[in-house]
Amino acid sequence: LCTIHQPSYEIFSMFDRLLLLKKGGLMVYNGGLGPVLPNELTGEDMNTARDLVQYFQSCSPTVEPPKPGKNPAEYMLETIGAGTSAGNAAGGVQTGVDFVEAYKKSEMAGTTEQELTTAQTGTKIASKYTFSASFGTQIWWSVKRWTVSYWRNVGYNLTRLVVVLVVALLFSLNVVKEHIRDIKDQPTLQSFNGALFAGVFFTSAVQAVMTVTVIGDNKIVYYRERAAGMYTPFAYVFGLTIAEIPWLLAVTLLHSVFFYPIAHLHDDVDYVAQYCLSVFLFSTLFCYWGQMLSALLPTTQMASLLTGASMGIMNLYSGFFMPESAIPWPWKLLFYISPARFGLKAAMPRQFYCSMSCFADKQDPTNTFACNGPSAVTGNLNDMGADGPGCSLMTDATGYVAGKMGVAEAIQALGIVGADPDKGVIPPYQVTVWDYFSTTTESTEEHVWQFTYSMIGFLLGFKLITLLALTFLKHISR
């Protein structure tokens, strides 16, 4: 039993009986849609609706037969005056037939009345299942449907791939002439640090901004299909998740293929793998953030506005512009809960890491050396057996590291000669790139995997909230 309105010929041929009502709820037909004949193209049995056509033609000679190939559903509506043409708008004026009275006087009406009179009350139709298909079937068709939908959604996927490519080229080309192993001064390091930050952050942020429409524009369809018992919210979200993953992998691959070599990031296999994993998880995290907001908020426009605003806040409190110690309370809470902090702390520190340090307290007692003073080493600590891309010695001309540590502590730890701790005077001194980066950004290489696991926790949490929102929230009143 189904209510339909102007179905296609293929759908109409699936029904074996029709109750046709005219404007005002007046009955004009209640009979079969046979005979059943094989389809000329597929060979499958179908209801041809010839009984319907012959009935209307029997009502009056003025009723014209349908043209070859005409959809019987359109033909019947045009015949009774329920079509969209001006000639039929008055309701049967063109044919001059009152189909309501014609039906009342027809043999079909008498037969139907007799069937209703003799019919017995049947058992109530009930089902122990809430949904029309098994859970496995729901998952299969949801994944298949979302996969096809994503493949056809050129505006979404092609656009974000193009934007990711532009971002990768835009920021990597800024440091194409620089190499992390050859950094000697602060401006070069800051340029390299900024390019890496922008490349990673904006590649991921694009996913959040563009994914809002995926759920937002499909909510009405989702509510209707869920009300019809087609699938559970879990099947819907699971299919969306699976369909998104290949495209996020493509985003990561596109970014890494262009950005990584052009920016001269460290080419060891484990560094490349860890960086790609971080970018993939960071992009996935932001993608799920946008989908979560779209599920929580009533309109796509509201979700888009909040997503854009949240990207700005996460950018500010990610730890790049201000380290943790420089953020006052209560704003420090935004730093602690910002998902962007975990993505950047997972992707960036290892690209500046060095296993050896100019700080005396961080050196191996069996292999001590001085970065400052008469016997200072020069060049690159990789020549002394250090591991990592950030082992180049650079000059801290502004004394930023000493300012973070304290002048007296820096003089002792770095062996700076010619400094006056009482007056706060400190001459330029040498540190490794990693010493400078880790001190000024308050980063550690040991916590990289901790931040990676934290991203996994965040993205799973966002997906869970999305599922709960689609399960318990409904943003339409009907």
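Everything in this summary refers to the structure shown in the same document. Since this is a predicted model, take the numbers as computed values, not measurements. (Residues numbered from 1 in each chain as written. Predicted model: local features only at pLDDT ≥ 70, side-chain atom pairs only at ≥ 80, totals over all residues. Heavy atoms only, no water.)

Each helix and strand counted, the chain has 18 helices and six strands in total. Compactness check: the chain gives a C-alpha radius of gyration of 35 Å against a globular reference of 23 Å for 478 residues, more than 25% above the reference. The buried share among the 478 residues of the chain stands at 46%. Considering only intrachain contacts with a sequence separation of at least 6, the fraction spanning at least 24 residues in the chain is 72%. As presented, the chain carries roughly 25100 Å² of accessible surface, and 61% of it is formed by carbon and sulfur atoms. With 30 positive and 36 negative side-chain charges, the chain shows a separation of 10 Å between the mean positions of the two kinds. (Helix = DSSP H or I, 4+ residues; strand = E, 2+ residues; numbered from the N terminus. Rg over C-alpha atoms; globule rule 2.2 N^0.38 Å. Buried < 20%, exposed > 50% of the residue type's maximum accessible area, 1.4 Å probe, protein only. Contact = heavy atoms within 4.5 Å. Areas by Shrake-Rupley, 256 points an atom, 1.4 Å probe, with all protein chains shown as cover. Lys, Arg positive; Asp, Glu negative; His and termini not counted. Charge placed at Lys NZ, Arg CZ, Asp CG, Glu CD.)

We now examine the environment of G403. For G403, the location among the structural elements is in helix α15 (residues 400-405). Here the alpha-carbon distance between G403 and S191, two residues 212 residues apart in the chain, equals 21 Å.

This part covers the packing of helix α8 (residues 186-216) against helix α17 (residues 433-441). At their nearest, the axes of α8 and α17 sit 12 Å apart, and the two run at 65° to each other. Judged by the sense of rotation from one axis to the other, the crossing of α8 with α17 is right-handed. On α17, the residues touching Q186, L189, Q190 and N193 of α8 are V433, Y436, F437 and T441. Of the residues in the contact of α8 with α17, the class split is four nonpolar, four polar and no charged. (Axes fitted to C-alpha atoms, helices over the stretch in contact; angles between N-to-C directions. Left-handed = near helix turned anticlockwise from the far one by under 90°. Nonpolar A, V, L, I, M, F, W, Y, C, P; charged D, E, K, R; others polar.)

For the structure shown, the criterion picks out nine salt bridges. Of the charged contacts, one joins E78 and K70 as a salt bridge, the two residues approaching to 3.2 Å between their closest N and O atoms. Within this structure, K70, E74 and E78 form a network of salt bridges that share partners. (Salt bridge = Lys/Arg side-chain N within 4 Å of Asp/Glu carboxyl O.)

A cluster of nonpolar side chains, contributed by F135, F234, F238, I242, I245 and L249, occupies part of the molecular surface with about 490 Å² of accessible area. Among the elements that take part in the nonpolar patch, helix α10 (residues 233-262) stands out by supplying five residues, more than any other. With respect to the element layout, I245 can be found in helix α10. With a relative accessible area of 30%, I245 lands in the partly exposed category. (Patch = residues over 30% accessible without salt bridge, like charges linked within 9 Å, V, L, I, M, F, W, Y side chains within 5 Å.)

Before going further, it helps to examine the layout of surface pockets. Space inside the largest pocket adds up to approximately 760 Å³. Taken together, 25 residues make up the lining of the largest pocket; nearest its centre are Y9, N39, E40, M46 and T48. Of all the secondary-structure elements, those providing two or more residues to the lining of the largest pocket are α1 (9-12), β3 (36-38), β4 (45-47), α2 (50-59) and α3 (72-80). Here the element with the most residues in the lining of the largest pocket is α2; it accounts for three residues. C2, T3, I4, L18 and L19 are, among the 21 residues lining the second largest pocket, the residues nearest its centre. The set of elements that each furnish at least two residues to the lining of the second largest pocket consists of β1 (17-22) and α3. Along the lines of polarity and charge, the residues of the lining of the second largest pocket split into 13 nonpolar, four polar and four charged. (1 Å grid on protein atoms, 1.4 Å probe; cavity = no way out; pocket = protein on both sides within 12 Å on 5 of 7 lines; lining within 4 Å. Points joined across faces, edges and corners; volume = space filled by probe spheres on them.)

As a further point, take the state of the cysteines. Inspection of every chain in the model, using the stated rule, returns two disulfides. Put simply, C354 and C391 are joined by a disulfide, and their sulfur atoms are 2.1 Å apart. The S-S bond linking C354 to C391 shows a torsion near 105°; that makes this disulfide right-handed. In this pair, C354 sits in the loop between α14 (339-347) and β5 (393-396) while C391 sits in the loop between α14 and β5, placing the two residues 37 residues apart along the sequence. The exposure classification of C354 matches that of C391, with both residues buried. One disulfide bridge connects C358 with C371, the sulfur atoms lying 2.0 Å from each other. Sign of the S-S torsion, about -85° for the bond between C358 and C371, identifies this disulfide as left-handed. Here C358, found in the loop between α14 and β5, pairs with C371, found in the loop between α14 and β5; they are 13 residues apart in sequence, far enough to count as distant. The residues C358 and C371 share a single accessibility class, namely buried. (Disulfide = S-S within 2.5 Å.)

Turning next to the packing of helix α7 (residues 154-172) against α10. Two elements in contact, α7 and α10, have axes whose closest approach is 9 Å; the angle formed by their N-to-C orientations is 20°. It follows that α7 is roughly parallel to α10 by the angle criterion. The hand of the α7/α10 crossing is right-handed. Across from Y156, N157, R160, L161, V164, L165, A168, L169, F171 and S172 in α7, the residues of α10 making contact are E244, W247, L248, A250, V251, L254, H255, F258, F259 and I262. Grouping the constituent residues of the contact of α7 with α10 by class yields 15 nonpolar, three polar and two charged. (Parallel < 35°, antiparallel > 145°, perpendicular 65-115°, else oblique.)

Formed by 97 residues in total, the largest nonpolar core has its most connected members in Y275, F286 and F352. Non-local contacts of F352, meaning those with residues more than four positions away in its chain, are made with I180, L189, F192, N193, L196, P389, G390, V433, W434 and F437. Ranked by size, the runner-up nonpolar core spans 23 residues in total, among them L52, V100, M108 and A109. (Core = buried A, V, L, I, M, F, W, Y, C linked by side-chain atoms within 4.5 Å.)

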